[in-house]
Every structure is written in structure tokens, then in C-alpha cells.
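The chain contents come next:
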Amino acid sequence: MTSENNMDASQMYPREIECEDGTCLTIQQSYVGDVGCVVWDAALVLSKYLETKGFDRRFGELKKRRLLEIGAGTGATGLVACKFGSDVTLTDLEEFVPLMELNIKTNLSALTGTATAKILKWGEDIGEFNPLPDLVLMSDCVYYPEAVQPLVKTLCDLSKDGADILGCYEERTIGQNAEAHQLFDKLMEPHFSVEEIPREDLDPVYNSDEIHVMWYRRKDGPTQDQPS
Ligand SMILES: C[S@@+](CC[C@H](N)C(=O)[O-])C[C@H]1O[C@@H](n2cnc3c(N)ncnc32)[C@H](O)[C@@H]1O
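If you're wondering where the values come from, they're calculated on a predicted model, not measured in any experiment.

Draft legend 1. Molecular detail of the packing of helix H1 (residues 41–50) against helix H3 (residues 76–83). The contact between H1 and H3 brings their axes to 8 Å, and the two run at 15°. On the basis of the axis angle, H1 is roughly parallel to H3. In this structure, the crossing between H1 and H3 has a hand that is right-handed. Contacts between H1 and H3 pair Ala43, Leu46, Ser47 and Leu50 from the former with Ala76, Thr77, Val80 and Ala81 from the latter.

Below, the structure is given as C-alpha cells:
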């Protein structure tokens, strides 16, 4: 059983996310651990996009949305949505559940929707995530080729009732990023149409040439075969 109580306070340092209404979310990050222990810039850009008029225009308001974040790490992006009333499920590998739980607990008084943290390893059965979300968030999750096929399977499974997927990534030339992105685009193409959110629709401060917010919509029907 995982618990936020397992987190060592001396290893933690906060990141404040200021929302448009002046309230701040405090996201605890860890000096120790894998890449999900910190809030990545793509997560900030996506979080701040959720607060824009452009988001409202395309996706409607956040209140009462059933939202699931994959590869959530600290859970920052999902928690911003929860602050504005979405019911969110933050998911990641098992080792990140205590950090996501800690961040839910830290921000509880600011959250107006419900938030839970759960394990979701890409490619595995999503049976426990019923009813399915109507919006899936994903920030900086495409960075190693071995994970791409299971990731696309999970995105197909989660969106089989038609959920939109909002993904955000930072262009990088290091490591296997480019290869992973190429494979991701190829495997997504048969199942999703993709549209980049124009930079002028992003938050006027939290945007960058290198960070892209992408909107994926199912183009195949719910009965089509999923990649295995
Ligand atoms: C670069 S971090 C991004 C974290 C967070 N979304 C952000 O942008 O701040 C990538 C996240 O994907 C998660 N991840 C990587 N492989 C995964 C897998 N096979 N199944 C589920 N999550 C995975 C990592 O644990 C990590 O939290």
C-alpha cells in the first residue's frame, strides 16, 4: 500500500503555480527519484492553457469534467484542472502515487473538484477507470521509444468513448526524444486526427517556440481494433 506519508520532507521542494484568480497551488517536487519528480515546463504550459479562453472555446469549461492525467508525475496539471472543478484521476507508475497523493493533500483546500491518485502503467488493463474520462491530459510523456506502443494503446483505450486528448511536449534533440516522437506520430495517425493549438491561444506568458500543445481526436470508431 502506497501513502503520501512515505515521502521524506527533507527531500522535497515546492513549486508554486499561480492561477488567474490569484490563488496558488503548491506542488511538492522531490530531489530524489525519476523524471516524474519535478514539474516540467510542458506541464506548466498545459496547465496555464487550461485557464485560457481558447481552452473554454474548444473544450468547454473545466467544471464537472471527468478528467484523467497519464504520466502525471507530481500531478500539477491535473490539479490545476481540479482547482477549477474537474473531477480528476492522476495516474502514473506505482512509485509516483505517494507524490501525487501528497500534492492532492497539500492543495485540498483549493480544489473544487475531486482528485484521486492511481497506478496506470501504459499498455495495461484500464478496467478500473470506468466510467471513462471525457478529457485525457498528457504532458511530456513521449521520450523513450520502448514506451510508445503501450502509451498509444492506453490513449486508444481511454478515448474509446470519444474523449479528447490534450498533449503537450517540449522539442528536444537529446536522447531518444526525436525517435520516440516519430514513432508516436506514426502509431497515433491511424486512430487520431491531430491539431496543434495555435501559440496565440496559449497563455501569453507560459508559451514557447519549443513547447507544443496538441489536440488529438478519435477518427476511428469505438469498435475498431486497438494496437496491442
Ligand atoms: C517527463 S515526466 C513528465 C511528468 C509530468 N507529466 C510533467 O510534465 O511534469 C514523464 C512521466 O511519465 C511517466 N511514465 C514513464 N513511463 C511510463 C509508463 N510506462 N507507464 C506510466 N507512466 C510512465 C513517468 O513516471 C513520469 O512521471
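Draft legend 2. Fine view of the side chain of threonine 91. Structurally, threonine 91 is set in strand S4 (residues 87–92). Take threonine 91: its relative accessible area is 0%, and that puts it in the buried class. Side-chain polar atoms of threonine 91 contact the backbone oxygen of glutamate 69, separated by 2.7 Å. Not counting chain neighbours up to four residues away, the residues in contact with threonine 91 comprise Leu68, Glu69, Ile70, Gly71, Ala72, Met100, Lys118, Leu120 and Phe129.

Draft legend 3. Seen up close, the pairing of strand S5 (residues 115–119). Note: S4 against S5, five bridges, orientation parallel. The residue bridging valine 88 from the neighbouring strand is alanine 115, located in S5. Handedness of the S4-helix H4 (residues 97–106)-S5 crossover: right-handed.

Draft legend 4. Inspection of empty space enclosed by the protein at higher detail. Considering all chains together, one arrives at one cavity of 30 Å³ or more under this definition. Lining the largest cavity we find Met138, Asp140, Cys141, Val142, Gly167, Cys168, Tyr169, His181, Phe184, Met214 and Tyr216. Sorting the residues of the lining of the largest cavity by element identifies strand S7 (164–170), helix H6 (177–188) and strand S9 (211–218) as the ones contributing at least two each. Here the lining of the largest cavity takes three residues from S7, the largest share from any one element. Here the lining of the largest cavity is composed, by residue class, of eight nonpolar, two polar and one charged.

Draft legend 5. View of the site of the ligand. Taken together, 19 residues sit near the ligand, with Trp40, Gly71, Asp92, Ser139 and Tyr144 positioned nearest. The separation between an oxygen atom of the ligand and a polar main-chain atom of tryptophan 40 is 3.0 Å. Serine 139 places a polar side-chain atom, nitrogen or oxygen, 2.4 Å from an oxygen atom of the ligand. Out of a free accessible area of 590 Å², the ligand has 95% covered by protein chains. The residue inventory of the shell around the ligand, partitioned by class, reads 12 nonpolar, four polar and three charged.

Draft legend 6. Local environment of the pairing of strand S2 (residues 24–30). With six of its seven residues buried, S2 lies for the most part within the structure. Pairing between strand S1 (residues 12–18) and S2: seven bridges, direction antiparallel. Among the inter-strand pairings, glutamate 18 is bridged to a residue of S2, identified as cysteine 24. Counted between consecutive antiparallel strands, the loop separating S1 from S2 contains five residues, among which glycine 22 sits at a positive phi close to 95°.

Rules of the game
- Residues numbered from 1 in each chain as written.
- Predicted model: local features only at pLDDT ≥ 70, side-chain atom pairs only at ≥ 80, totals over all residues.
- Heavy atoms only, no water.
- Axes fitted to C-alpha atoms, helices over the stretch in contact; angles between N-to-C directions.
- Helix = DSSP H or I, 4+ residues; strand = E, 2+ residues; numbered from the N terminus.
- Parallel < 35°, antiparallel > 145°, perpendicular 65-115°, else oblique.
- Left-handed = near helix turned anticlockwise from the far one by under 90°.
- Contact = heavy atoms within 4.5 Å.
- Buried < 20%, exposed > 50% of the residue type's maximum accessible area, 1.4 Å probe, protein only.
- Polar contact = N/O pair within 3.5 Å; in protein donor to acceptor, adjacent residues only side chain to side chain.
- Pairing = 2+ DSSP bridges.
- Right-handed = clockwise from strand over helix to strand, strands pointing away.
- 1 Å grid on protein atoms, 1.4 Å probe; cavity = no way out; pocket = protein on both sides within 12 Å on 5 of 7 lines; lining within 4 Å.
- Points joined across faces, edges and corners; volume = space filled by probe spheres on them.
- Nonpolar A, V, L, I, M, F, W, Y, C, P; charged D, E, K, R; others polar.
- Near = heavy atom within 4 Å.
- Areas by Shrake-Rupley, 256 points an atom, 1.4 Å probe, with all protein chains shown as cover.

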